[in-house]
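Chain by chain, the residues:
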Amino acid sequence: MAVTYTLGKDCTITGVTNTNVRNVTATVEAAQVDKTTRGAAARKYLTGMKDATIEIEMLDGAPAVGATLTISHANSGLSGDFVVTQVQRQEPLEDVVVYNVTCKRKTAPATP
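Below: a short report on this structure.

Glancing now at the environment of Thr-25. Inspection of the secondary structure puts Thr-25 in strand 3 (residues 21–34). Counting along the chain gives 32 residues from Thr-25 to Glu-57, while the straight-line C-alpha distance between them is 8.6 Å. If we skip the residues at most four places from it in the chain, Thr-25 touches Thr-53, Ile-54 and Glu-55.

Below is the structure:
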């Protein structure tokens, strides 16, 4: 059963069955489109397509690759459905097992 968890300041995740989330990082990037013309004195750029990534550090299990999580991160304006694209498991000798989960936005937001 999926439950909604509030993490830190203004971040919630729905779709995980694990309350042991330690850290959430939200990243929004835009591609650079070069629109420089011949004879220009300096390069000119436009903002291209945007890409949103959420990285979650959790303990005691992780969602499977392909799972969908609903994430709301008020400070960055990110909210919506994200698909799990990568799960890394770290097993340090003298610490707890940590899962690093990478999620990409499934659909574009209603407003850019």
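What follows deals with the environment of Asn-23. Mapped onto the secondary structure, Asn-23 falls in strand 3. Considered as a pair, Asn-23 and Ile-56 are 33 residues apart in the sequence and their alpha carbons are 5.8 Å apart. For Asn-23, the residues in contact, after removing those within four places along its chain, are Glu-55, Ile-56 and Glu-57.

To continue, consider the pairing of strand 7 (residues 98–105). Burial runs high along strand 7: six of the eight residues are buried. As defined by bridge partners, strand 4 (residues 45–59) adjoins strand 7 across seven bridges and the pair is classed as antiparallel. Paired with Glu-57 across the strands is Asn-100, a residue of strand 7. Where strand 6 (residues 78–90) and strand 7 come together, eight bridges link them in antiparallel fashion. Bridge pairing in strand 7 links Val-84 to Cys-103.

In terms of nonpolar packing, the biggest core is built from 15 residues, with Ile-54, Ile-56, Leu-69, Ile-71 and Cys-103 touching the most fellow members. Ignoring sequence-local partners within four residues, the contact set of Cys-103 consists of Ala-52, Thr-53, Ile-54, Ile-56, Leu-69, Phe-82, Val-83, Val-84 and Thr-85.

To continue, consider the pattern of salt bridges. Enumeration according to the criterion identifies three salt bridges in this entry. Linking Lys-104 and Asp-51 is a salt bridge whose minimum nitrogen-to-oxygen distance equals 2.9 Å. Pair noted here: Lys-104 is in strand 7 and Asp-51 is in strand 4, with a separation of 53 residues, a long-range link. The exposure class assigned to Lys-104 is partly exposed, which follows from its relative accessible area of 27%. Classification of Asp-51 as partly exposed rests on a relative accessible area of 32%. Close ionic contact of Arg-89 with Glu-91 constitutes a salt bridge, the shortest N to O distance being 2.4 Å.

Each value, and the rule that gives it
- Residues numbered from 1 in each chain as written.
- Predicted model: local features only at pLDDT ≥ 70, side-chain atom pairs only at ≥ 80, totals over all residues.
- Heavy atoms only, no water.
- Helix = DSSP H or I, 4+ residues; strand = E, 2+ residues; numbered from the N terminus.
- Contact = heavy atoms within 4.5 Å.
- Buried < 20%, exposed > 50% of the residue type's maximum accessible area, 1.4 Å probe, protein only.
- Pairing = 2+ DSSP bridges.
- Core = buried A, V, L, I, M, F, W, Y, C linked by side-chain atoms within 4.5 Å.
- Salt bridge = Lys/Arg side-chain N within 4 Å of Asp/Glu carboxyl O.

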